[in-house]
Structures are given as structure tokens and as C-alpha cells.
Amino acid sequence: MSNPVVLLVEDDPAIARTIIYTLERDGLQVTHSMQLLDARRQMALKRPDILILDVGLPDGSGLDWCKQLRNDATTSGLPILMLSAHGEEIDRVLGLELGADDYVTKPFSPRELLARIRSMLRRSHQQPLVKPAISGSVFEMDADGQRVSLNGQVLQLTRREFGLLNDLLKHRGRIRSREALLSSVWGLDTDSTDRTVDTHIKTLRAKLLQADNARDPIVTHRSMGYCIDA
């Protein structure tokens, strides 16, 4: 099996060199672009296993491209780690709401960045635990392709949103705490918070309501967590 391919989109040469050295030393293959235009070409030539995307780039916003990738069925499940010099909570929340799987602020530890990337790669290769639903169910899930439909309409979910829906459906009718959802979807080595779960539940709920606005299947239990009705 070939080594994972990382597409790095970073316009600061010094930061890019540090990241490339760290990742290649650990056996990862790195393709580097300094602008979005070239990164889009690289993405079209070969889809990477993970995208490291700077927020501020000379020819556009990394956040805008992240949102576009999430809305494209061919790249909706691509692991994306955002890099930014802005570390305020509102900036991190915005990045997560637009579909980033992780958000790292500059300056950062190269070893921590590598650990986060390795963690994301491990989770991206884990097989979803749900089985395809029985014909006629409201939700139909393709465990291999990580695709899910609601009332016959395919949902464009990010990997985290899919993981949350996967977990909630597995435990249908039972309340899942934020801590349990973090452990199930993000893994034990994450430093994400309850706010991260709330943010992704919000975007997941919005997509479910777009497909079926008659009822919201996700029930919020104040101070306890979330569940999907039995």
C-alpha cells in the first residue's frame, strides 16, 4: 500500500518547508501549492488522502474552497485540516462550520501537526459501523461509500457529520452525550470540545431539514446530549 498523499496549500515558504520536512520524514508524500489555482489543478489530477489548507492565500480564501469541496459529492468526505494565524474562537468555529475536520493556529508544533494528521488519516480509513438500512427505511446508508440518503434524497455530508449520524442511528432512541460522540467520531486523542460537537450537529441538522422539513429527527436533551427518535 502506497504512503498517504498530502496536498499542502500554504503560501509561506518557511512554514511550508517545515511541514514538508516533518511529513516526508514520517513517510508521507507531500504535494505543495502556494495558490488556490494550482491546488485546484493538483486536486483534479489526483485526489489526496488529506488536505492541509491555509485560510489566507494570495488568490482567494481557503475557507471558501473548503466550503466548495464539502458541497461537491466527489470531495465531501476528504479530510481537511485548516491552518490560520487567527486563533479566536469565532474563527475556529467558522472553519468547523464550513466543513473543516480540524483547525490549527500558527505558530504550531510540527510534531503536534503530524499527530493530528495521523489521527485524521486513521479515522478516515476506519470502516463505518452501520450497515445499509433495510429497504423502505427513512434513512438509507451506504457504509462503503459513506453516503446517506433521507427519503430518497442523497445528503452531502462531511466525514464528521456522517460519523455523528452513524453513531446516533446505531444508538437510536438513546441519548448520546457530547463526550461519547467526541470519542466515537473524533477519537480519544482529540482536543476538540463540546462546542465542536454542537457545531457539527447544527450543520447536520440543517442538511437533514433541507431533505425533509416536516420534522427534525435529532432531539436535543439539554445538558445531556443528543439522540434520534426510536
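The preceding data block contains the structure.
Remember, it's a predicted structure, so these values are computed and weren't measured experimentally.

Rules used throughout
- Residues numbered from 1 in each chain as written.
- Predicted model: local features only at pLDDT ≥ 70, side-chain atom pairs only at ≥ 80, totals over all residues.
- Heavy atoms only, no water.
- Helix = DSSP H or I, 4+ residues; strand = E, 2+ residues; numbered from the N terminus.
- Buried < 20%, exposed > 50% of the residue type's maximum accessible area, 1.4 Å probe, protein only.
- Contact = heavy atoms within 4.5 Å.
- Areas by Shrake-Rupley, 256 points an atom, 1.4 Å probe, with all protein chains shown as cover.
- Salt bridge = Lys/Arg side-chain N within 4 Å of Asp/Glu carboxyl O.
- Expected span 1.5 Å × (residues − 1).
- Pairing = 2+ DSSP bridges.
- Right-handed = clockwise from strand over helix to strand, strands pointing away.
- Core = buried A, V, L, I, M, F, W, Y, C linked by side-chain atoms within 4.5 Å.

**A look at the overall build of the protein chain**
Part 1 of the argument: Helix and strand content of the protein chain: 8 helices and 12 strands.
Part 2 of the argument: Relative to its 230 residues, the protein chain shows a buried fraction of 47%.
Part 3 of the argument: Taking the intrachain contacts of the protein chain between residues at least 6 apart in sequence as the baseline, contacts between residues at least 24 apart amount to 59%.
Part 4 of the argument: A total of about 11700 Å² of accessible surface is found on the protein chain, and carbon and sulfur atoms cover 50% of it.

**Points about the pattern of salt bridges**
Part 1 of the argument: For the coordinates displayed, the defined rule picks out 14 salt bridges.
Part 2 of the argument: The partner of E161 in a salt bridge is K207, and the shortest N-O contact between them spans 2.7 Å. Separated by 46 residues along the polypeptide, E161 in helix α6 (residues 159-170) and K207 in helix α8 (residues 194-211) bring together distant segments of the chain. With respect to class, E161 is no different from K207; both count as buried.
Part 3 of the argument: Taking the shortest distance from any N to any O, the salt bridge between R178 and D198 comes out at 2.8 Å. Of the two residues, R178 sits in helix α7 (residues 178-186) while D198 sits in helix α8, which places them 20 residues apart along the sequence.
Part 4 of the argument: The class of R178 is buried, set by a relative accessible area of 14%.
Part 5 of the argument: Overall, the relative accessible area of 25% leaves D198 in the partly exposed class.
Part 6 of the argument: The structure contains a network of salt bridges with shared partners spanning R70, D101, R159 and R160.

**Section: the environment of G99**
Part 1 of the argument: Secondary-structure assignment places G99 in the loop between α4 (89-97) and β7 (102-105).
Part 2 of the argument: The buried category is assigned to G99, whose relative accessible area is 6%.
Part 3 of the argument: Beyond its immediate chain neighbours, meaning those up to four positions away, G99 contacts C66, R70 and T158.

**Notes on α6**
One turn of an α-helix holds 3.6 residues; hence residues three or four places apart share an orientation.
Part 1 of the argument: Helix length check: α6, at 12 residues, gives a terminal C-alpha distance of 16 Å against a target of 16 Å (1.5 Å per residue), a fit within 8%.
Part 2 of the argument: A large share of α6 lies buried, amounting to 11 of its 12 residues.
Part 3 of the argument: Those residues of α6 that fall on the buried side of the exposure criterion are R159, R160, E161, F162, G163, L164, L165, N166, D167, L168 and L169.

**Quick notes on the side chain of T75**
Part 1 of the argument: Relative to the assigned elements, T75 resides in the loop between α3 (62-70) and β6 (80-84).
Part 2 of the argument: Among the residues examined, T75 registers a relative accessible area of 7% and is labelled buried.
Part 3 of the argument: Leaving out residues up to four positions away in the same chain, T75 has contacts with R47, L69 and R70.

**Observations regarding the pairing of strand β2 (residues 29-33)**
Part 1 of the argument: The pairing of strand β1 (residues 5-9) with β2 spans 5 bridges and is parallel. Bridge pairing in β2 links V5 to Q29.
Part 2 of the argument: Taken together, β1, helix α1 (residues 13-25) and β2 form a β-α-β motif whose crossover is right-handed.

**Side note on the environment of K202**
Part 1 of the argument: Structurally, K202 is set in helix α8.
Part 2 of the argument: Residue classification places K202 among the exposed residues on the basis of a relative accessible area of 54%.
Part 3 of the argument: Sequence-wise, K202 and I218 are 16 residues apart; in three dimensions their C-alpha atoms are separated by 9.8 Å.

**Points about the nonpolar core**
Part 1 of the argument: Within the largest apolar cluster, 22 residues are counted, with the highest numbers of intra-cluster contacts made by L165 and I218.
Part 2 of the argument: When residues of this core are traced back to their parent elements, those giving at least two are β9 (147-150), α6, α7, α8 and β12 (225-228).
Part 3 of the argument: Beyond its immediate stretch of four places on either side in the chain, I218 contacts L168, I201, L204, R205, L208, Y226, C227 and I228.

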